[in-house]
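Examining the three-dimensional arrangement
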Amino acid sequence: MKSVNPATGDVIATYEKTTDQELQAIAEQADKAQQKWRNRSFDARAACLREMARLLESNKEKYAELMAREMGKPLAQGQSESEKCAWVCEYYADHAADFLEDDIIVSDAEKSYVTYNPLGTVLAVMPWNFPFWQLFRFAAPALMAGNAAILKHASNVTGCALAIEELMHESGIPRELFRTVVAGREQVQDLIQNEHIAAVTLTGSTRAGKAVASTAGGALKKSVLELGGSDPYLILANADVEKAAETCVTSRLINSGQSCIAAKRFIVVEKHYKPFLEAVTELMKGKHFGDPFEEGIDLGPMAREDLRDELHQQVQHSIEAGAQCVLGGNVPARPGAFYPPTILTEVGPGMPAYEEELFGPVAAVIRAGDEQEAIRIANDTSYGLGAAVFSKDVNRAEKIAARELEAGCCFVNAFVKSDPRLPFGGIKQSGFGRELSHFGIKEFVNVKTVYRA
Ligand code: NDP
């Protein structure tokens, strides 16, 4: 397995794959380690998570450099990611015991209640876009609930995956309880079916989610899927256009546009279409892309050249189908996986920019006659991860968010973001299950009914 610096195309490191025999031993040992871990007190587990948080804070520069080298994230954003991981560790260290306290339920029994037992060893198949955050938001609750975990990270961020394993062990997590494996896709399929694996979680594309979920389904194992999105941002008649444009651009360009919950389709009512487009164009024009180690950079390269080429093709095909490119849209003549901030207008059904996830700094601006049409277009997608509504009539906007939009996370006058206190996840082709909050920690537990006559 190779790690390639996407800003230069240079190979940074090569790694040996974990063999099938090693994978078998790792799964067996995790199972044994989990039997002990499940009997440790919440306080003992929380002590490891608090130490993880401390290490994530104190090593944030080091981890940010690793992310910048392996997948091109600008340094400041990598440091923020490490800080957010520390937050989720602290959060579950503080709250897991309360979330998993027995629930007494009055019935015909002398005593009846629900108790939450851990499931066992969970396989985590993770993507490269937030190489630390995606893992910690799963691992912090899963470990606090008493599970073991095996991490199979995306093949371009093996350095991050091994750094996470080292951090876990340094924080006091038993060596066998959390392991990173350097595995290919076929090995993942075998692991899911391994008798020592109880469940699987995947964050990544819908394609990868379907492959993993069908194997998990065939083996009758629980799965949680956090997949892609094509989040609509609705700019309604009462919106503050300047503020909405700023928020939309910030969200579209987070992580160089490679976020599942980035704003992807800007749906603007006729009245605001022109001023909104002008404001967005001005803001996106002012963003600088370059080497993630340079100061003052807004966007790094994309994570891999093949991903950049795929995005460029989606842009090209949208243009061929009638979209207009009003900014960017060209592959820069320099080494590395760079792509400029790009805006497509006149985007409509049948075009990749309308139908598919654009995983890079490309905004699709769509015109809507009125509010009802904006809502219809917003829901006219196979995805259902996040959505946002912009209007000074906050009650109406909230009603649209709460009742009319088909997505797992709907925000009003703000961009969609994850927060340890709030559940996170999607519907439709964006997956199922929830991470974070008390919902997240209950995904990998046996919700057990106890009845005493
Ligand atoms: P993938 O979704 O293919 O990869 C995510 C993870 O799943 C990786 O660990 C990958 O391993 C693994 N994986 C992929 N296919 C399988 C399979 N059949 N069986 C088992 N494991 C599998 O992401 P890509 O890097 O290929 O990106 C492609 C597109 O996916 C992006 O352009 C973007 O649209 C979307 N994506 C969305 C993300 C999100 O958060 N919504 C995150 C990442 C990607 P390996 O790396 O070894 O292939």
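Residues numbered from 1 in each chain as written. Predicted model: local features only at pLDDT ≥ 70, side-chain atom pairs only at ≥ 80, totals over all residues. Heavy atoms only, no water.

Next up on the list: the overall build of the protein. Looking only at helices and strands, the protein features 15 helices and 18 strands. What you see for the protein is a C-alpha radius of gyration of 22 Å, in line with the 22 Å of a compact globule of 453 residues. Each of the three principal axes of the protein carries a C-alpha extent, and together these read 65 × 60 × 40 Å. Taking all 453 residues of the protein together, the buried fraction comes to 58%. Across the protein, every contact between residues at least 6 apart in sequence was considered, and the portion connecting residues at least 24 apart equals 72%. (Helix = DSSP H or I, 4+ residues; strand = E, 2+ residues; numbered from the N terminus. Rg over C-alpha atoms; globule rule 2.2 N^0.38 Å. Buried < 20%, exposed > 50% of the residue type's maximum accessible area, 1.4 Å probe, protein only. Contact = heavy atoms within 4.5 Å.)

With that settled, consider the layout of surface pockets. Counted as a void, the largest pocket has a volume near 1100 Å³. Forming the boundary of the largest pocket are 39 residues, of which R185, G204, S205, R207 and A208 lie nearest the centre. Every element with two or more residues in the lining of the largest pocket is listed here: α7 (185-193), β8 (199-203), α8 (206-218) and α11 (305-320). Broken down by element, the residue count for the lining of the largest pocket peaks at five residues, all from α8. (1 Å grid on protein atoms, 1.4 Å probe; cavity = no way out; pocket = protein on both sides within 12 Å on 5 of 7 lines; lining within 4 Å. Points joined across faces, edges and corners; volume = space filled by probe spheres on them.)

Y92, F132, L135, F136, F138, M168 and F276 are the most contacted members of the largest nonpolar core, which totals 147 residues. The two domains that each donate at least three residues to this core are domain 1 (2-227 + 427-452) and domain 2 (231-412). Not counting residues within four places of it along the chain, the set of residues in contact with F136 comprises M52, L56, C85, V88, C89, P141, I164, L167 and M168. (Core = buried A, V, L, I, M, F, W, Y, C linked by side-chain atoms within 4.5 Å. Domains from an automatic or database assignment.)

Moving on to the sheet that holds strand β4 (residues 111-118). With antiparallel pairing, three strands are arranged side by side in an open sheet as β3-β4-β18. Each of the sheet's edge strands pairs with one partner strand only, and the pair in question is β3 (103-104) and β18 (445-452). Taken together, the two bridges between β3 and β4 define a ladder with antiparallel strand orientation. In the sheet register, D103 faces β4, and the bridge partner there is V114. (Pairing = 2+ DSSP bridges.)

With that settled, consider the site of the ligand. Contacts to the ligand come from 27 residues, most closely from M126, W128, R185, S205 and C260. At a separation of 2.6 Å, an oxygen atom of the ligand approaches a polar side-chain atom of W128. Within the side chain of E357, one N or O atom sits 3.2 Å away from an oxygen atom of the ligand. Here the ligand, which alone exposes 860 Å², has 92% of that area covered by the protein. Mapped onto the shell around the ligand, the elements with two or more residues apiece are α7, β8 and α8. Top element by residues in the shell around the ligand is α8. It accounts for four residues. Here the residues of the shell around the ligand sort into 14 nonpolar, eight polar and five charged. Two domains share the shell around the ligand, each providing at least three of its residues, namely domain 1 (2-227 + 427-452) and domain 2 (231-412). (Near = heavy atom within 4 Å. Polar contact = N/O pair within 3.5 Å; in protein donor to acceptor, adjacent residues only side chain to side chain. Areas by Shrake-Rupley, 256 points an atom, 1.4 Å probe, with all protein chains shown as cover. Nonpolar A, V, L, I, M, F, W, Y, C, P; charged D, E, K, R; others polar.)

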